[in-house]
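# Fold and geometry: a report
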Amino acid sequence: MAKKVGVSEATVSRVLNGKPGVSEATRQAVLSALDVLGYERPTQLRGDRARLVGLVLPELQNPIFPAFAEVIGGALAQRGLTPVLCTQTKGGVSEADYVALLLQQQVSGVVFAGGLYAQADAPHDHYRQLAERNIPVVLVNAAIEHLGFPGVSCDDAVAVEQAWRHLASLGHERIGLVLGPGDHMPSARKLAAARAIAGHLPEEFVARAIFSIEGGHAAASRLIDRGVTGIICASDPLALGAIRAARRKGFGVPSQVSVVGYDDSAFMNCTEPPLTTVRQPIEAMGRAAVEVLNARIGGAAVPAEELLFEPELVVRGSTAQAPRA
């Protein structure tokens, strides 16, 4: 422990026994190392676990989630809070399991960056547990109603409007959507916005998918078979799958099919072609989420409202003029 922190064994002993003569910064460093190395804190120091904050992510394969983790984790550390990263895996530890673990660790708050709160048909009892114990919680991106937590979201409606107007300006008339499952709230917002701007959006121009390259490939294949020339996707991996689907069918991207992603996650400017996408302001959203959480931890009355952030269309090489009939 002393070697990890870079202090003497006597200093570690003073911290663990609650003795004076240690600076607050050193004390916190020792306690954080205790947590990171998996040791139990002495009973009299359990209250200091309030410096721990859960950061719950649905996955790490989509590069948008590591990006959020980096911003949120850094902002927490700047406030003297230690993030506890909880990442779900298929068939592994569930979101509810992680919440139970975080409650055992007496965390002072939890940030969810993607999760079951965005799915209307998913179980939500673990969120109620957090609310009943008055644990400060912040949700990143659209959530179902009535959970009672503040949120920080990218404006899904504006994102679709930007993508749709871009494709329309290039002459595309047969524009389709690749979205997440039917109970997925961000996808529901995107669909409502598309219907509002299109006036009439045929049901066959909307394809549902699981959030992966393979899901995007399968969904986009159906849209291309129905004559769609412009595809708006609910994530960048879905968009990469759509590009792959078009090429497997012998269509050029963007000469015959244009594709727009969502997130502007890492390396989307390095794909072939570079992906046109709608950028989430990850830095601003992540910092805002931590500010809201920190205010709640400090005892401030924070309304259970959603802060909406404006996205930005980033035009690259996956969109072009619609093919001539």
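Just above sits the structure.
Notes on the structure in this doc start here. (Residues numbered from 1 in each chain as written. Predicted model: local features only at pLDDT ≥ 70, side-chain atom pairs only at ≥ 80, totals over all residues. Heavy atoms only, no water.)

### Observations concerning the overall build of the protein chain
Just so we agree on the cut-off: For helices the rule is a DSSP run of H or I covering at least 4 residues; for strands it is a run of E covering at least 2, with both sets numbered from the N terminus onward. For each residue, the accessible area found with a 1.4 Å probe, counting protein chains only, is set against the maximum for its type, and the residue is called buried under 20%, exposed over 50%, and partly exposed in between. In what follows, a contact means two residues having at least one pair of non-hydrogen atoms within 4.5 Å. Residues counted as positive are Lys and Arg, residues counted as negative are Asp and Glu, and His and the chain ends are not counted. Lysine's charge is taken at NZ, arginine's at CZ, aspartate's at CG and glutamate's at CD.
In terms of helices and strands, the protein chain carries 11 helices and 12 strands. When the 325 residues of the protein chain are sorted by exposure, 51% land in the buried category. Counting contacts in the protein chain only where the partners sit at least 6 residues apart, residues at least 24 apart contribute 71% of the total. Computed over 30 positive and 32 negative side-chain charges, the separation of the two mean positions in the protein chain equals 5 Å.

### Structural notes on the sheet that holds strand β12 (residues 312-314)
The strands making up a sheet are joined through hydrogen bonds of the backbone, oriented either antiparallel or parallel. We count it as follows: When DSSP locates at least two bridges between a pair of strands, those strands are taken to pair. Between N-to-C directions, angles cover 0 to 180 degrees, with each direction set by a line fitted to C-alpha atoms, over the stretch in contact for helices.
One open sheet holds the 6 strands; their spatial order is β7-β6-β8-β9-β10-β12, and the pairing between them is mixed. If you trace the sheet from one side to the other, it starts and ends with β7 (206-208) and β12, each paired once. Across the sheet, the mean angle from the axis of one strand to that of its neighbour is 20°, orientation sign disregarded. Both strand β10 (residues 276-279) and β12 contribute to a ladder of 3 bridges, which runs antiparallel. The residue bridging Arg279 from the neighbouring strand is Glu312, located in β12. Packed onto the sheet, helix α8 (residues 185-198) meets β6 (175-179), β7 and β9 (258-263) and runs at close to 170° relative to β6.

### Some details on the packing of helix α9 (residues 213-225) against helix α10 (residues 236-248)
Defined as follows: Oblique is the label for any angle not under 35 degrees, not over 145, and not in the 65 to 115 range, which are roughly parallel, roughly antiparallel and roughly perpendicular in turn. By definition, turning the near helix anticlockwise from the far helix through less than a right angle yields a left-handed crossing, and turning it clockwise yields a right-handed one. Any residue outside Ala, Val, Leu, Ile, Met, Phe, Trp, Tyr, Cys, Pro, Asp, Glu, Lys and Arg is labelled polar, Gly included; the first ten of those are nonpolar and the last four are charged.
Two elements in contact, α9 and α10, have axes separated by 7 Å at closest approach and are oriented at 50°. In terms of axis orientation, α9 runs oblique to α10. Helix-helix and strand crossings are classified by hand; for α9 and α10 the assignment is right-handed. Along the contact surface, α9 presents Ile213, Glu214, Gly215, Gly216, His217, Ala220, Ser221 and Ile224, while α10 presents Pro237, Leu238, Leu240, Gly241, Ala242, Arg244, Ala245, Ala246 and Arg248. Residues that form the contact of α9 with α10 fall into these classes: 9 nonpolar, 5 polar and 3 charged.

### Structural notes on the layout of surface pockets
In plain terms, the rule: The definitions used throughout rest on a 1 Å grid laid over the protein atoms alone, on which a cavity is an enclosed set of points accommodating a 1.4 Å probe that cannot get out and a pocket is an open set flanked by protein within 12 Å on both sides along at least five of seven lines; lining residues are those having an atom within 4 Å of a point. Grid points are joined across faces, edges and corners, and a volume is the space filled by probe spheres set on the points. Segment limits for the domains were obtained from an automatic or database-derived domain assignment.
Its volume calculated, the largest pocket comes out at about 1200 Å³. Elements with a contribution of two residues or more to the lining of the largest pocket: α4 (64-78), α5 (95-104), α8, α9, α10 and β9. No fewer than three residues from each of domain 2 (51-154 + 281-310) and domain 3 (156-279) sit in the lining of the largest pocket.

### What about the environment of Cys233?
Residue position: Cys233 is located in strand β8 (residues 230-233). Residue classification places Cys233 among the buried positions, given a relative accessible area of 2%. Cys233 sits 28 residues away from Gly261 along the chain, and the two C-alpha atoms are 5.0 Å apart. In this structure, Cys233 is in contact with Val178, Leu238, Ala239, Ala242, Val259, Val260, Gly261 and Tyr262, ignoring residues within four places of it in sequence.

### Notes on α4
One turn of an α-helix holds 3.6 residues; hence residues three or four places apart share an orientation. Note the threshold: Between the first and last residue of a helix there are one fewer steps than residues, each counted as 1.5 Å, and that sum is the expected span.
The terminal C-alpha atoms of α4, which comprises 15 residues, lie 22 Å apart, in line with the 21 Å expected from a rise of 1.5 Å per residue. Inspection of α4 places Ile64, Phe65, Phe68, Ala69, Val71, Ile72, Gly73, Ala75 and Leu76 among the buried residues, and these make up the whole buried set. Contacts from the buried residues of α4 go to β1 (52-57), β2 (82-87), β3 (109-113), β4 (137-140), β9 and α11 (282-297). Count one or two residues on from α4 and you reach Gly80, which has phi positive near 75°.

### Some thoughts on unusual backbone geometry
Here Val253 and Pro254 are connected by a cis peptide whose omega angle stands at 15°. In this fold, Pro254 is placed in the loop between α10 and β9. That bond from Glu272 to Pro273 is cis: its omega, 0°, falls within 30 degrees of zero. Mapped onto the elements, Pro273 comes out in the loop between β9 and β10. Backbone geometry places Gln106, a non-glycine residue, at a positive phi of 60°. On the accessibility criterion, Gln106 (39% relative accessible area) is partly exposed. A positive phi is found at Asp264, a non-glycine position, where the angle reads about 55°. For Asp264, the position within the fold is in the loop between β9 and β10.

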